[in-house]
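Okay, here's what each chain looks like letter by letter:
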Amino acid sequence: MKYQLGEYNTEVIETILDQVVKQVPTNSFWVIDNKVASLYPIFNNLPDTKLLVNAEETNKNLKMAEEIFNWLKYNKVNRQSTIVAVGGGITTDLTGWVASNYMRGCNLMHIPTTLIGMIDAAIGGKTAINFNQTKNLVGSFYPAGKVFIIPGVLQTLQEKEIQAGLAELLKMALLPESRILKLLIELKSEWKTEFHTLINMSIEQKMLICQRDLRDTGERRSLNLGHTFAHVIESASNYQIEHGRAVAIGIIKAARLSYELKLIARERYDFIIKLIRSHYPANYLQLEMWIINAISNKGKEFYENDKKSKLILFSGENDIAVFDTIEWNKFKNIIIEVS
Ligand SMILES: NC(=O)c1ccc[n+]([C@@H]2O[C@H](COP(=O)([O-])OP(=O)(O)OC[C@H]3O[C@@H](n4cnc5c(N)ncnc54)[C@H](O)[C@@H]3O)[C@@H](O)[C@H]2O)c1
């Protein structure tokens, strides 16, 4: 079915949400993004116990996790209880981490409400909070027992959130053997017309990779393509640059470094840059001066904390390379270079 964002009417979405809510065990404990609860009254009117959270990257931290732990204890939640996260990647990452630790693990369900959440964050079981100014430093592998995908709720997302989700979709498309690339090339700027298909393909691709390598010791690392750059950009900007935009820029930087290290030929470099640029306005992919300065001044520490998880680069005609290390100055020059 062809699908344009915004085609769903409120009644249809409410009916779908109602059916989903009925599939969640009664007496579950809901952690819900404030904005989503205000947009979709069904979440405000739940008979179950709920906690509303502000989905801001600066809230994806130990303090907020502690608040949720206290709320769970106050409500006498036990290991048999189900915790349901409703929101984007911030809400599912944070709630997932809490659920994986509270009483050594409660039942967990996700209802992702952003494009990043549906195609990436809610799939595959990585949970995390930011710690000591370092992105996702504390986390666990804890796949949700159920994830409900309801594309209709994306109609209320702001365009910048759709753009952010597109970055993870482009990342998936650039991984070896992805079927998404061909479709994205065919669709060009009309990619939203095949929204459902792209979401399905992306989920399938991510699940396949995570089933083979849940704990991120091999193949799954490819999903971090561009993310070392992205995490330095996000951390140095004190999370003023949102994750998806940082990923889009990070993919370009990864391509540049891959080319400079002679891992890829000029043709592949040009192809990747053209693909990313054709989906975004030019200024979306340019770092502002204040963030370039912040990276120069304090990026090294963030880079050194993050690079444990390896540097994922492009290689050959359609492959990915895992790099152990490259010195900070080289990394910095690529990240702050105006391209
Ligand atoms: N665990 C993983 O594998 C994984 C993968 C990718 C990203 N992430 C994490 O996900 C986070 C980014 O996720 P995100 O972009 O979904 O962020 P998010 O949760 O902040 O959502 C973005 C914004 O959209 C709003 N929103 C959510 N649903 C909405 C809806 N249906 N309508 C209108 N507004 C809505 C939120 O309130 C927020 O303002 C980052 O912290 C990133 O590190 C995790």
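For every chain, the first residue of the written sequence is number 1, and numbering continues from 1 along that sequence. A pLDDT threshold of at least 70 governs which residues receive local features in this predicted model, and a stricter bar of 80 or more applies before side-chain atom pairs are shown or counted, although totals over entire chains, interfaces and linings include all residues.

> I'm lost on the overall build of the protein in this one. Help?
Labels follow the DSSP assignment, with helices taken as runs of H or I lasting at least four residues and strands as runs of E lasting at least two, numbered in each case from the N terminus. The number of helices and strands found in the protein is 14 helices and nine strands. By the compact-globule yardstick of 20 Å for 339 residues, the protein fits well, its C-alpha radius of gyration being 20 Å. By its C-alpha atoms, the protein is 60 × 45 × 40 Å across when sized along the principal axes. Restricting the calculation to C-alpha atoms gives the radius of gyration, and the globule rule supplies 2.2 Å times the number of residues raised to the power 0.38.

> Which parts of the structure should I look at to understand the sheet that holds strand 3 (residues 82–87)?
Note on sheets: strands pair through backbone hydrogen bonds, and any given pair is parallel or antiparallel. Strands were regarded as paired on the criterion that DSSP finds at least two bridges between them. Ordered in space as 2-1-3-4-7, the five strands form an open sheet in which the pairing is parallel. In this open sheet, the two edge strands, each paired with only one partner strand, are strand 2 (49–53) and strand 7 (146–147). As paired strands, strand 1 (residues 29–33) and strand 3 are joined by four bridges and run parallel to one another. Each bridged residue has a counterpart across the sheet, and for Phe29 the counterpart in strand 3 is Ile83.

> Help me understand the site of the ligand, please; the structure alone is not making it clear to me.
In this text, near has one meaning. A residue is near a molecule or strand if its C-beta atom, placed using the backbone, is within 6 Å of it. For the ligand, the set of nearby residues contains 29 residues, the closest of which are Gly88, Gly89, Ile90, Thr113 and Thr114. Class assignment for the residues of the shell around the ligand results in nine nonpolar, 12 polar and eight charged. Each domain span listed reflects an automatic or database assignment of domains. Summarising the domain contributions, the shell around the ligand has at least three residues from each of domain 1 (10–154) and domain 2 (158–336). Following the grouping adopted for this structure description, the nonpolar residues are Ala, Val, Leu, Ile, Met, Phe, Trp, Tyr, Cys and Pro, the charged ones are Asp, Glu, Lys and Arg, and the polar ones are all others, Gly among them.

> It is not clear to me how helix 10 (residues 227–236) should be interpreted in this structure. Could you clarify?
For helix 10, the tally of buried residues reaches 10 of 10 residues, placing the bulk of the element in the interior. Within the span of helix 10, buried status applies to His227, Thr228, Phe229, Ala230, His231, Val232, Ile233, Glu234, Ser235 and Ala236. Note on contacts: each residue gets a C-beta atom placed from the backbone, and two residues are in contact if those atoms are within 7 Å. The inward-facing, buried residues of helix 10 contact strand 6 (134–141), helix 11 (243–260), helix 13 (289–306), strand 8 (311–315) and helix 14 (328–336). Just beyond helix 10, the residue with positive phi is Asn238, at close to 55°. Residues are called buried when their C-beta atom has 20 or more other C-beta atoms within 10 Å, exposed when it has 12 or fewer, and partly exposed otherwise; all C-beta atoms are positioned from the backbone.

> I'm lost on the pairing of strand 9 (residues 319–323) in this one. Help?
Here is the key point about a regular strand: its side chains alternate between the two faces of the sheet. Note: strand 8 against strand 9, five bridges, orientation antiparallel. Residue pairing across strands places Phe314 opposite Ile320, the latter belonging to strand 9. Between strand 8 and the antiparallel strand that follows it, strand 9, lie three residues; Gly316 among them carries a positive phi value of about 55°.

> What am I meant to see in the packing of helix 7 (residues 159–173) against helix 11 here?
The relative placement of two packed helices is expressed as an angle between their axes plus a distance between the axes. Only the contacting stretch of a helix is used when fitting its axis, a line to C-alpha atoms as for every element, and angles between N-to-C directions run 0 to 180 degrees. Helix 11 packs onto helix 7 with a crossing angle of 40° between their chain directions and a minimal axis gap of 7 Å. Relative to helix 11, helix 7 is oriented oblique. In terms of crossing hand, the pair formed by helix 7 and helix 11 is left-handed. Seen from helix 7, the contacting residues are Gln163, Ala164, Gly165, Ala167, Glu168, Leu170 and Lys171; seen from helix 11, they are His243, Gly244, Arg245, Val247, Ala248 and Ile251. Looking at the contact of helix 7 with helix 11 residue by residue, the class counts come to six nonpolar, four polar and three charged. Working rule for angles: under 35 degrees goes down as roughly parallel, over 145 as roughly antiparallel, 65 to 115 as roughly perpendicular, anything else as oblique. For any pair of crossing helices, the crossing counts as left-handed if the nearer helix is rotated counterclockwise from the farther one by less than a right angle, and right-handed if it is rotated clockwise.

> I'm lost on helix 11 in this one. Help?
Every α-helix winds through 3.6 residues per turn, so residues three or four apart in the chain are directed the same way. The first and last C-alpha atoms of helix 11 sit 25 Å apart over 18 residues, in line with the 26 Å expected at 1.5 Å per residue. Across the 18 residues of helix 11, 17 count as buried, placing the element largely inside the fold. A helix is expected to span 1.5 Å multiplied by its residue count minus one.

> Would you mind going over the environment of Trp30 with me for this structure?
On the secondary structure map, Trp30 appears in strand 1. On the neighbour-count criterion, Trp30 (22 C-beta atoms within 10 Å) is buried. Considering only alpha carbons, one finds Trp30 and His110, 80 residues apart in sequence, at a separation of 9.8 Å. For Trp30, the contacting residues outside a window of four places in its chain are Leu46, Asp48, Lys50, Val84 and Val86.

> Would you mind showing me how to read the packing of helix 7 against helix 8 (residues 180–187) here?
Relative orientation of the contacting elements helix 7 and helix 8 amounts to 120°, with a least axis distance of 8 Å. Relative to helix 8, helix 7 is oriented oblique. Note on packing geometry: the crossing formed by helix 7 with helix 8 is left-handed. Contacts between helix 7 and helix 8 involve Leu169, Met172 and Ala173 on the former and, on the latter, Ile180, Leu181 and Leu184. Looking at the contact of helix 7 with helix 8 residue by residue, the classes come out as six nonpolar, no polar and no charged.

> Help me understand the domain arrangement of the protein in this model?
A common measure of how large an interface is: the accessible area buried when the components associate. By domain assignment, the protein separates into domain 1 (10–154) and domain 2 (158–336). In this structure, domain 1 and domain 2 have C-alpha centres spaced 25 Å apart. The interface is formed by 19 residues belonging to domain 1 together with 24 residues belonging to domain 2. At five residues, helix 6 (residues 115–121) tops the list of elements feeding residues into the side of domain 1 that touches domain 2. Considering only residue class, the side of domain 1 that touches domain 2 consists of nine nonpolar, seven polar and three charged.

> Any chance you could explain the nonpolar core here in plain terms?
One broad rule of soluble globular proteins: the nonpolar side chains tend to lie buried together. Of all hydrophobic cores here, the largest spans 94 residues; its most connected members are Ile233, Ile251 and Ala254. Sort the elements by how many residues they give to this core and helix 11 lands first, with 10 residues. Counting the residues that make up this core, at least three belong to each of domain 1 (10–154) and domain 2 (158–336). Sequence-distant contacts of Ile233, that is, excluding residues within four places in its chain, are made with Ile241, Ala246, Ile249, Gly250, Leu287, Ile291 and Ile295. Nonpolar cores are built from buried Ala, Val, Leu, Ile, Met, Phe, Trp, Tyr and Cys residues. These are joined into a set through C-beta atoms within 7 Å.

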